[in-house]
Amino acid sequence: MSGPNTEGFDLHWDDHDVFISQQFGSKEWDVRSYTRKYPIRDDVEESQEQSQDIIWQGVLEQSQALYIPRGWWHKAKTSLDYSCHLTFGITQSTYLDLIRYLLQKAKFSVSMRADLPKDDGQIDQEVLREFQSLLSGVNLQEYWSNKRATLQPRRVKHSLSYGVGVPVDEDTFIEPTFFHVPKIETFSEGIFFEVFGQKWKFVFKTRCFFETIFSQSSPLSIKELSNRSGLPLADCIALSKV
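Residues numbered from 1 in each chain as written. Predicted model: local features only at pLDDT ≥ 70, side-chain atom pairs only at ≥ 80, totals over all residues. Heavy atoms only, no water.

S.K.: Can you explain the nonpolar core? Please cite residues and give values.
M.R.: Within the largest apolar cluster, 19 residues are counted, with the highest numbers of intra-cluster contacts made by Phe-193, Phe-202, Phe-209 and Phe-210. Grouped together as the second largest cluster of nonpolar side chains are eight residues, Trp-29, Val-31, Leu-60 and Leu-66 included. (Core = buried A, V, L, I, M, F, W, Y, C linked by side-chain atoms within 4.5 Å. Buried < 20%, exposed > 50% of the residue type's maximum accessible area, 1.4 Å probe, protein only.)

Following this line, the structure appears as structure tokens:
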């Protein structure tokens, strides 16, 4: 919201894509090209010199929208009347995010967790082989699937099950509340998956229990869950209280 004849931020760029939706009134925009390609939040250098390459200068009227790519310089000001626009910031994944994802996977390797040799010591060849295997096995579909599965809603928090704190028996129903089906993965001691950014770990025999839950789109009683998964009823009740 801006009053008449006012200007917001000075000429600047954002580290994410921006969509502007003009709600009422109008705003004058000055949009210029980038001076540093693909800037990020914690960048190694800042663009101190403002761009002189003008891409668009004009007025955004009510119900119109404007897209400004990451790193493009821009500023806005109002004219003779009040003005209001909504800003939507879209943060894109980068190759740095892919590397961070691979580092998370590397934590499951005993070799990767080993102490680093001091000074002029030699890097363990097994570590190099595992690292090369990690890089050569990069799968973007897996990365995006994990990204969607671990999205964290800003104002919504969920526990693993809705039955926390209430009596649970064979007639209790369980209903999935996640937005995307979690991917069950294995490690040396059992299985794990992520729901809303929280990682859960269980022993191997529980896999059939969670696979049955994750395959459902409607409530399922614990008795039926036990029958379908093959896990004893007592174990299903215990897991439902986690």
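What follows continues from the structure just given.
S.K.: Break down the packing of helix α5 (residues 207-214) against helix α6 (residues 222-229) for me, with residues and values.
M.R.: Their axes nearest at 9 Å, the elements α5 and α6 cross at an angle of 115°. Two packed elements cross with a definite hand, and for α5 against α6 that hand is right-handed. Across the interface between the two elements, Cys-208, Phe-209, Thr-212 and Ile-213 of α5 pack against Leu-225, Arg-228 and Ser-229 of α6. Here the residues of the contact of α5 with α6 sort into four nonpolar, two polar and one charged. (Axes fitted to C-alpha atoms, helices over the stretch in contact; angles between N-to-C directions. Helix = DSSP H or I, 4+ residues; strand = E, 2+ residues; numbered from the N terminus. Left-handed = near helix turned anticlockwise from the far one by under 90°. Contact = heavy atoms within 4.5 Å. Nonpolar A, V, L, I, M, F, W, Y, C, P; charged D, E, K, R; others polar.)

S.K.: Provide a residue-level description of the environment of Ile-237, including the pertinent values.
M.R.: With respect to the helices and strands, the residue Ile-237 is situated in helix α7 (residues 233-240). Using a relative accessible area of 18% as the deciding quantity, one classes Ile-237 as buried. Ile-237 has contacts with Val-168, Asp-169, Glu-170 and Ile-222, leaving out every residue within four places of it along the chain.

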